[in-house]
Every structure is written in structure tokens, then in C-alpha cells.
Protein chains: 2
Amino acid sequence: MDDTVKRVTRRRGRTRARLLDAAFEVFAAKGFGRVSIEEVCEAAGYSRGAFYSNFATLDELFFALYGERADLIAAQVADALAHDGPDLDVPASVDRVTEVLLLDVDWLLVKTDFLVHATRDPAVARALLDHRARLREAIADRLSRARGHTELPAVLGDVDGAAHAVVAAYDGVTTQLLLDRDVEAARAWLKRLLTALLTDGGGAPRHTTTH
Amino acid sequence: MDDTVKRVTRRRGRTRARLLDAAFEVFAAKGFGRVSIEEVCEAAGYSRGAFYSNFATLDELFFALYGERADLIAAQVADALAHDGPDLDVPASVDRVTEVLLLDVDWLLVKTDFLVHATRDPAVARALLDHRARLREAIADRLSRARGHTELPAVLGDVDGAAHAVVAAYDGVTTQLLLDRDVEAARAWLKRLLTALLTDGGGAPRHTTTH
DNA sequence: CGTATCCGATACACCCATGTATCGAAAGCC
DNA sequence: GGCTTTCGATACATGGGTGTATCGGATACG
């Protein structure tokens, strides 16, 4: 049917990938709002002709870039949650998901730029919401396997609500991380928040005043 | 001593304020990264001469704008937390602070732009961290008055840790709010998260599996 | 009310990014 | 290996934002 398929695709694919990689670095370093098409091309070692042959606008490139990396992250998270036993061990799962979610600060920088971008473009917002929905799904899936083993605080509602809370904690910790750039502290905080939210007391004795 | 004080300051103050107000609107609508000096001036009803007479760069205006509004918000929060009785009623405080924190979506938009801006400029980051510290302080102050009345989950550590968690929940809910623009849903979620974090069970019966 | 100072508007020159059109070269297909 | 198609580099035209210098009118002060 479609005889108009492109003949040359190998070189094109390489340059496209290189442009995306270069864009990621430049976006992380300077921020999407302060990056020009030329800068991306220069970082990738190409001329603007290559860019316009692959993308119509910087926004389009950013969109593609985010989609690619977001898929990767989603897969990593799902993988991290799938690779433990059939029964849920909350602290272990929390540890594992924390490692994956707070792995690369550059990604968080780019992701936040994308969030800002999404607040002004409904189509972009939908893509971001989709990504978040996939994340929540993976988490909810994992949590649902815990029913019968662990209790969830009632305020959060059902399993889906708990997944929502997990993502919110992730977002909250990310904000602070972007400002102080302390990945380890962020991981520790995320663990604390998640155990506080999911285990309804953290399994530790309550903190009471001493006077 | 300082005889070089300006003689004319009334008109200047007005135009400066108008420029800041106009910038707030334009930033909220289009995003800091996509706004030019000319646009701000046009929105304010001034020419570029007025701008360069008051600010050296758009960054400088943004910095001043944020500082002004952040002070306002901090005062509102402190006020909201101070105006109830000497004893802490957690749900009531949560309600009140939720109202104040999620009042104006435009402010959240601008604040997020400022966050992105801060991730690339250490001086800006310091200003934002300062604002956050003030917020946490007000919250910790309020929480410390609750000691002896309410217990806090141990995972969060001391009162300061709890304040940290409150801010994280706020940030997390904000992210979702920016995407779906549903203020009421965001308020509900923030309340749920805060009660889950602060009251260690939410005062409601636990959610247990039914099979 | 006169005057000195300040403020903001206008005009100018400059730079930089964008987008397009063209062309040589690389890559795939036979 | 020759031929066709595609890809990306170069050159050009354009627009738009920036920053500065200058000038007229507004404002405060005596």
C-alpha cells in the first residue's frame, strides 16, 4: 500500500538520536527556556539543516525527548517493583522504588522544565498526565498484591489513592532536591514519607512529648 | 550623610509596581521563558525606557517580583496559623492552611517558573530556600504548640521534620494541580495527605482487606 | 512660581535566532 | 558499481528583541 516509505533510515535515526541526546544535556544545563536550536545542533555536532530535517520546532523535539525518556523510566519502575517476590515487603519495595525514582538529577531538571512547559500547552499536559498515570498504575498494581498482608491508612482511600499519594510524595521531594541537589537526603526523605504514608505509623513507636 | 537620596520617588514607585503587576500576569499566562521585556512593558502600559530605568534585566524583575509575593504568602500563612486558639486543633489548622496555600493558581504557575529559574542560578535558589525555610518555621511553630495534645508519627522525626513533610506534601499536590487545574481536588488531596502524615492514622478506622 | 532634577518615551544600531531554498554528498537498491 | 533518493550543510533573507543615547515633560523643592 504505502509505497512512499523512506529508503534511507539508518543515518537519519542516528542523527535524530544524537540530537535528542545533545538536547537532553543542553536542556539540563541551561533550561529549556534558554536554549536555542543552534545550541542543540552545535552540541550534537550537526548544522541547523539536520535539525529542520528531523523536527519542525524545538517544542516538538522536547516532546519527543520527554516521551522517550519517560517510557524508559516507567519501565524501570515497573521492573523494580516486579522483581521482588509475590508477597509485598513494604520497606524493601520503598527502598527499591526510591533508588529508581531519584536516580538522575538531570532527568529531574528536564522533567520539571517539561512540567512548566505542560502548564501552557494542553497537549503536552496530556502526555505528562499519561506518564504519571502509568506510574501510578505500576505502583497500584504492586500495592494491590499486598492486600491481606498490610493495612493502609484509611484517609488515603483505596489502593489507587495510595498510589496517588506515593506520586505526590515523589513530586514533593523532587522540588526540594532540585534546590539543594542533595540526592541522598532526598532519598532518605522519600523513604520516610512513603513509610509514613503507607504503613500507618512506620512500624516504629510513636513520638510523644516528654514534658 | 547620604545626600544623594532621590528627590522624585512617588511616580517611580507607581511605575515599578505596575511593571511588577503586569509581569506577574504575563508570566502566569505565557511562562517566564517565553516573555520578552517588551511584552511586560506593553502589558503595563509603559515603554522600554521605563523598564530599563527601574530594572537592569528581566531576571532582576523576576527576582523582585517573587520576593514581594513570597513575603505576602508567608505572612498569610503565619496569620492563618496564628489566628486559632492556643491549643492545636489539627484538622482545623489543616483546613485553614490548605485554603491559604492553594489559593491562587497563577501564583503557583509563577512560583514553579521561579523554581526552574532557581535550579540554574544559585542566588535565586538561596532566595527560594529562604522562603521555604520561613514557611517551615511558621508551621513548626504551630506544631510545637501541639506537643502534649497530639502525637506525631515517629518516622518524621521531630517537629521540624514534620514541617518539612508538610511542605513536601504541598509541593507534591501543587505539581498535580498545575496539570489538571482542579483546585478543589488539590485541596482535598492536600488535606488527606496532611492528616495522614500528622495524625498517624487520620483518626479513622484502618482500611483492611475484605477477603 | 521658578527651577533643578528625575523619569520615561523615542529613535537608533546591533546582534542573534529563525526559517527557507539550494546543492553536494552519503546511503540504499538493483 | 551505477543510479536514484534522501539527508544534512551552506547561504541568504527576515524579524524581533536588546541595550543605549538623547530629549521633552513631569515632579518635587524652595
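Residues numbered from 1 in each chain as written. Chains lettered and ligands numbered in written order. Predicted model: local features only at pLDDT ≥ 70, side-chain atom pairs only at ≥ 80, totals over all residues. Heavy atoms only, no water.

1. Details of the packing of aromatic side chains
According to the stated counting rule, one finds 18 aromatic pairs over all chains in the structure shown. Between the aromatic rings of Tyr66 of chain A and Phe114 of chain A, the centroid separation amounts to 3.9 Å while the plane-to-plane angle is 5°, which identifies the pairing as stacked. In this pair, Tyr66 of chain A sits in helix H4 (residues 58-82) while Phe114 of chain A sits in helix H6 (residues 105-118), placing the two residues 48 residues apart along the sequence. Tyr66 of chain A gets classed as buried once you look at its relative accessible area, which sits at 2%. Accessibility expressed as a relative area gives 1% for Phe114 of chain A, which makes it buried. Between Phe51 of chain B and Phe55 of chain B the ring centres are 5.7 Å apart and the planes differ by 40°, which places this aromatic pair in the tilted class. (Phe/Tyr/Trp six-rings, centres within 6.5 Å; stacked < 30°, edge-to-face > 60°. Helix = DSSP H or I, 4+ residues; strand = E, 2+ residues; numbered from the N terminus. Buried < 20%, exposed > 50% of the residue type's maximum accessible area, 1.4 Å probe, protein only.)

2. Structural notes on the UniProt feature "DNA-binding region" (unreviewed entry) in chain A
As annotated by UniProt and renumbered to match this structure, "DNA-binding region" (unreviewed entry) occupies residues 36-55 of chain A. Along residues 36-55 of chain A, the helical share is 75% and the strand share 0%, with 14 Å between the first and last C-alpha atoms. (UniProt positions renumbered as here; feature names shortened; annotations may be inferred.)

3. Notes on the nonpolar core
Membership of the largest hydrophobic core comes to 140 residues, with the highest contact counts inside it found for Phe27, Leu61 and Leu193 of chain A together with Phe27, Leu61 and Leu193 of chain B. Leave out the neighbours within four places in its chain, and Leu61 of chain A touches Leu20, Ala23, Phe27, Val40, Phe51 and Phe55 of chain A. (Core = buried A, V, L, I, M, F, W, Y, C linked by side-chain atoms within 4.5 Å. Contact = heavy atoms within 4.5 Å.)

4. Structural notes on the environment of Phe63 of chain B
All names here are of chain B. If you trace the backbone, Phe63 turns up in helix H4 (residues 58-82). The class for Phe63 is partly exposed, based on a relative accessible area of 38%. C-alpha of Phe63 to C-alpha of Val124: the two residues are 61 residues apart in sequence and 7.2 Å apart in space. Apart from residues no more than four positions distant in its own chain, Phe63 is found in contact with Phe114, Ala123, Val124 and Ala127.

5. Comments concerning helix H2 (residues 37-44) of chain B
All names here are of chain B. Buried within H2 we find Ile37, Val40, Cys41 and Ala44. The arc that holds the buried residues of H2, viewed along the axis, is 95°, so those residues lie on one side. Contacts made by the buried residues of H2 are with helix H1 (10-30), helix H3 (48-54) and H4. One or two steps after H2, the chain reaches Gly45, where phi turns positive at roughly 80°. (Arc of directions from axis to C-beta.)

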